[in-house]
Amino acid sequence: MKKGDHLFLVDGSAYIFRAYHALPPLTRKSDGMPVGAVAGFCNMLWKLVEESRDTSVGVAPTHFAVIMDHSSTTFRNELYDQYKANRTAPPEDLVPQFALIREAVRAFDLPCIEKQGFEADDLIATYTRLAVEAGGDVTIVSSDKDLMQLVGPGVILYDQMKDKRLGAEEVKEKFGVYPEKMIDLQALVGDSSDNVPGVPGIGPKTAAELLETFGDLETLLERAGEIKQAKRRENLISFADQARLSKKLVTLEQDMPLDVPLDDLFIHEPDGDKLIAFLKAMEFHTLTRRVAAKLGEDAGAIPAAAITVEGLARGPDLDPAAGAGARAASVTNLPVQGDAVLPLTPAMLVAARREAAAAETFDRSAYVTIRDLPTLSAWLDRAAETGILAFDTETNSLNANAADLVGLSFAVAPGEAAYLPLAHVADGAGDLLASDETKAGVGPQVPLGEALALLKPVLEHAGILKIGQNFKYDYLVMLRHGIAIAPFDDTMLISYALDASSSLEGHGMDELSERFLGHKPISYKELCGSGKSLKALAACPIDKVTEYAAEDADVTLRLWRVLKPRLAAEGMSSVYERLERPLVAVLARMEQRGIRTDRQILSRLSGRFAQRAAALESEIAEMAGEAFNPGSPKQLGDILFGKLGLPGGKKTKTGQWSTDVKVLEDLAAEGHLLPRHIVDWRQLTKLKGTYTDALPLYMDREDRIHTSFSMASTTTGRLSSSEPNIQNIPVRTEEGRAIRTAFVAPEGYKLLSADYSQIELRILAHMAEIPQLTKAFQDGIDIHAMTASEMFGVPVEGMPSDVRRRAKAINFGIIYGISSFGLANQLAIGREEAGLYIRKYFERFPGIRDYMEETKEFARRHGYVETLFGRRAHYPDIKHANASVRAAVERASINAPIQGTAADIIRRAMIRMEDALAAERLSARMLLQVHDELVFEVPDDEIEATIPVVKAVMEGAALPRVALSVPLVVDARAAGNWDEAH
DNA sequence: TACAGATCTTA
DNA sequence: GTAAGATCTGTAC
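Residues numbered from 1 in each chain as written. Chains lettered and ligands numbered in written order. Predicted model: local features only at pLDDT ≥ 70, side-chain atom pairs only at ≥ 80, totals over all residues. Heavy atoms only, no water.

K.L.:
Looking at this model, I keep getting lost on the nonpolar core. Mind explaining?
P.N.:
In globular proteins that are soluble, nonpolar side chains generally tend to be buried together. If you look at the biggest cluster of nonpolar residues, it comprises 179 residues, and the most contacted ones within it are Met478, Tyr756, Ile848 and Ile905. Among the elements that make up this core, the one with the highest residue count is helix α24 (residues 573-593) (10 residues). When sequence neighbours within four positions are dropped, the list of residues in contact with Tyr756 reads Ile905, Ile906, Ala909, Asp932, Met954, Glu955, Ala957, Leu968, Val969 and Val970. Formed by 48 residues, the second largest nonpolar core is a distinct cluster that contains Leu157, Phe175, Ile202 and Phe214. (Core = buried A, V, L, I, M, F, W, Y, C linked by side-chain atoms within 4.5 Å. Buried < 20%, exposed > 50% of the residue type's maximum accessible area, 1.4 Å probe, protein only. Helix = DSSP H or I, 4+ residues; strand = E, 2+ residues; numbered from the N terminus. Contact = heavy atoms within 4.5 Å.)

K.L.:
Would you mind going over the protein's contact with DNA strand B with me for this structure?
P.N.:
Taken together, 22 residues form the shell around DNA strand B, and within it Thr659, Asn728, Val731, Arg732 and Asp932 come nearest. Backbone sugar and phosphate groups make up 83% of those atoms of DNA strand B lying within 4 Å of the protein. Between DNA strand B and Thr659, the relevant distance is 2.9 Å, taken from a phosphate oxygen to a main-chain nitrogen or oxygen of the residue. In the environment of DNA strand B, a phosphate oxygen lies 3.0 Å from a nitrogen or oxygen atom belonging to the side chain of Arg682. In terms of residue count, the dominant contributor to the surface near DNA strand B is helix α28 (residues 673-692) (four residues). (Near = heavy atom within 4 Å. Polar contact = N/O pair within 3.5 Å; in protein donor to acceptor, adjacent residues only side chain to side chain.)

K.L.:
Help me understand the sheet that holds strand β5 (residues 155-159), please; the structure alone is not making it clear to me.
P.N.:
Backbone-to-backbone hydrogen bonds join strands into a sheet, with any given pair of strands oriented parallel or antiparallel. Pairing is mixed in the open sheet, where six strands are placed in the order β3-β2-β1-β4-β5-β6. Of all the strands in the sheet, just β3 (112-113) and β6 (164-166) have a single pairing partner and so form its edges. Note: β5 against β6, three bridges, orientation antiparallel. Note that in β6 the partner of Tyr158 across the bridge is Arg165. (Pairing = 2+ DSSP bridges.)

K.L.:
I would appreciate a short explanation of the sheet that holds strand β20 (residues 925-929) in the present structure.
P.N.:
Sheet architecture is open: four strands sit in the order β20-β21-β17-β22, paired in antiparallel fashion. Two strands close off the open sheet at either side, each with one partner strand: β20 and β22 (970-975). Each adjacent strand pair in this sheet contributes to an overall mean axis angle of 25°, direction not counted. Bridge count between β20 and strand β21 (residues 933-939): four bridges; the pairing is antiparallel. Note on β21: the bridge partner recorded for Gln929 is Leu934. (Axes fitted to C-alpha atoms, helices over the stretch in contact; angles between N-to-C directions.)

K.L.:
What am I meant to see in the protein's contact with DNA strand C here?
P.N.:
Neighbouring residues of DNA strand C: 31 residues in total, closest Asn629, Ser632, Asn725, Gly813 and Phe821. When the atoms of DNA strand C within 4 Å of the protein are grouped by moiety, sugar and phosphate amount to 71% of the total. The contact in question runs from a phosphate oxygen of DNA strand C to an N or O atom on the side chain of Ser632, over 2.3 Å. Where the surface near DNA strand C is concerned, the elements lending two or more residues are α26 (633-643), α28, β16 (720-722), α33 (801-815), α34 (820-827) and α37 (883-919). Class assignment of the residues belonging to the surface near DNA strand C gives a composition of seven nonpolar, 19 polar and five charged. (Nonpolar A, V, L, I, M, F, W, Y, C, P; charged D, E, K, R; others polar.)

K.L.:
Is there a simple way to think about the packing of helix α15 (residues 346-359) against helix α23 (residues 542-569) in this case?
P.N.:
Relative placement of two packed helices is described by the angle separating their axes and the distance separating the axes. Between α15 and α23, whose axes approach to 8 Å, the crossing angle comes to 165°. Comparing their axes, α23 and α15 come out roughly antiparallel. Judged by the twist between their axes, the crossing of α15 over α23 is left-handed. Contact residues: α15 offers Pro346, Ala347, Leu349, Val350, Arg353, Arg354 and Ala357, while α23 offers Arg561, Val562, Pro565, Arg566, Ala568 and Ala569. (Parallel < 35°, antiparallel > 145°, perpendicular 65-115°, else oblique. Left-handed = near helix turned anticlockwise from the far one by under 90°.)

K.L.:
What's the story with the side chain of His424 in this structure? I'm lost.
P.N.:
Inspection of the secondary structure assignment puts His424 in the loop between β10 (416-421) and α17 (436-440). The class for His424 is buried, based on a relative accessible area of 3%. Within polar-contact distance, the side chain of His424 engages the side chain of Tyr419 at 2.7 Å. Excluding its chain neighbours within four sequence positions, the residues that come into contact with His424 are Val406, Tyr419, Val442, Gln445, Leu537, Ala538, Cys540, Ile542 and Val545.

K.L.:
What exactly am I supposed to notice about the side chain of Arg558 here?
P.N.:
Mapping Arg558 onto the fold places it in helix α23. Within polar-contact distance, the side chain of Arg558 engages the backbone oxygen of Thr361 at 3.2 Å. Setting aside residues up to four positions removed in sequence, Arg558 forms contacts with Glu360, Thr361, Phe362, Pro414, Gly415 and Leu517.

Laid out in structure tokens, this is it:
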């Protein structure tokens, strides 16, 4: 080993367990021997060997070894007899595979190193030290945090599964300390899986914070008395020795005796025959083919090695003289396609697809630019052959309602993708003076009309599945060209049905690609720039756009191959097929229609708001004694609590004075006029800035506003609305409600608003099976008054409005996963009183408490909760160590099934609505959805006939899948504008 | 120019 | 106490 050399150390034991648990059980066909972990191990090792030879990715190794654990007892057990005592024995079908895996490493001609009494980590630590001392670099292939202490100059950790390299900075980012402090951090935190005790009550965040403050473990333990938090201080003092013991346990031995010297890990010439013989014996057909192709060997000519369980029991036949490594002289680049063995179960298909996706690479230079009709035609024929066409539109705008097509991209198989430019112009040709010659400067393009004529039958062909990412956009763009795409799949929605979660990332293509394909696609920014340097897509060079656009289609197709089988494997097909996919076209049409808006009303309101705000502003300045920006919480805080010396209450988490409405209202209640004015000023400027000034900017030539609904941005299944958000148009105050009068129906039409009454409480009554609530809903009784009557013993007749108000707040609180803190806030009462109310409520309705506990338990057991229709919301943080974080996640998990079931129900209503209206020959058009409300545009003379149809569809939307024990009630009203209809 | 934080709007 | 999105300010780049 010398300077410039590079040692790869594979943490073999970790590899085995990951391979075993990540993959479904697999047995050798011929004799049923379990080989799943062996298969996973070989695939990962082969991939690593292949990748590491690609010097463009990293530095090619000169030395290479696979390190294994030898046995379960090590020198650490002498330090602490409980070390790793809680480890369970490895699974029965994994045990025989250990020997096979050692055999596999030898087949790869790589040294397989282990030593009695030491862990693999100690061997890794020792080899690492020696290599660094010799001037070499080290890559440790593992993601185990126990190894992070070794990271430093020349030493990195490589997580092969995630394709992540960890240096000192990444360790710091992950754990808050640099690698040299990792030992101290682990000593404090402990490790439950290794039974390292640590200090109770100290987790990674606290440990990093303490080490930041005190420097190192010893100093911290000596000065523990200075710590403010009582519990933490006590624990650090009484468990100091336990922390010191933990430190010994987690410290890796860097100077253990070695049987194989470092220099013997040098990579030799390969012996492909031996590897192929082994792989054939294991009956890993795909990998055998892949390896043979890469090494230029004829697999058929090589006999399988004789490997049997019995043979292994006698001890493997060692051949230390054999060469090493798998270095090919000629590298062929045959993509491996298809599933080698027909998978037998959905889970196996998922695993096979995931494995295939991880192995496939991206070659942007293979993408094709389609410049003539025959080429386009050939691509569409290919789509007809495969039955699959991943498809993406490239446009000049993010707004699908206004976007013009610039080009289309297609993929028919992984790596087989093309771009069809349709409306590209030479750079600088955007202005009116551009001549035809300038436009011709980008080369020939298929005329739009001819391209669409060829595409339409394919995009509407029942035998060809179109695949998109965020397909509503592409659907809408093509709809505007007279093409209604069918059938289709949407990878964004598949991902959403599978993985909706508040803490996981979103479902955008770039994120999904990195998560599932380990590939980072070209970003729009890289292609077109951003900000000032932003260039129109149509003006970007076609060869660059080809790489970008074809890659998007390619990525979409590969994502579909990985994600689609998961639906069946995880039981989520019906959510996707009944609640997600059918809504795409419905929403696309709603967005396309838009809602008519009265520009004059908005402008009059803007004027009125401006005038009143200006008057307030001058009064505010006068009272403050100086002009300042009332819209700046910072300046306002300084004036109120600094200059004027008013009693300031709360501070925000950034240390600023809080000036939110509650603080200001409290001050106003004490008789201060300035805060009152600020509150009024804020309301006026809010209404003006967010609504009356902003809405006209979204109006089209027909005075209609087209919002964009997002189907995949909530955890619960609700939709969201943006640009503009029509789901938060004011309604509570009179001034705010005036804005709703600007949403109108055109001449000869009315707006019809239909909303579910108390849908979430009804769902709660059903799900928690509360007899009193169910009965009240069945009898049509005022539910809040009934609750108040039960709780406070007040008769419903002549009930004071304040008693009902309190009960109403509690009912809502229950849906939100009640806490005494929240209820106290809502009702402006003390925490104790709020807690009393809650206890009283649970006494009256014990079923609700049971339901809440059961929901939390379900979430803890599964990591997700479910709606009545099977939609899942994932909460991976349900067992979070921080109690307040955990409580927040618990509340969310209580709310999600209720909110989500309501969302599912209105989705079902929307999906059925158009057909139901058409069946009655009604021409009502659905325009908006606001969580529990649908807004329609209805011809004057059809209103009477439409209302019962709309109500019937909405009230029956849970059926037949779910028969609720309570009725769903819908209130519907029609008027000239949204305010009066609502 | 980009982003986080505070605030406010809805169901 | 649940679920969202928009706007404005202030600061970092």
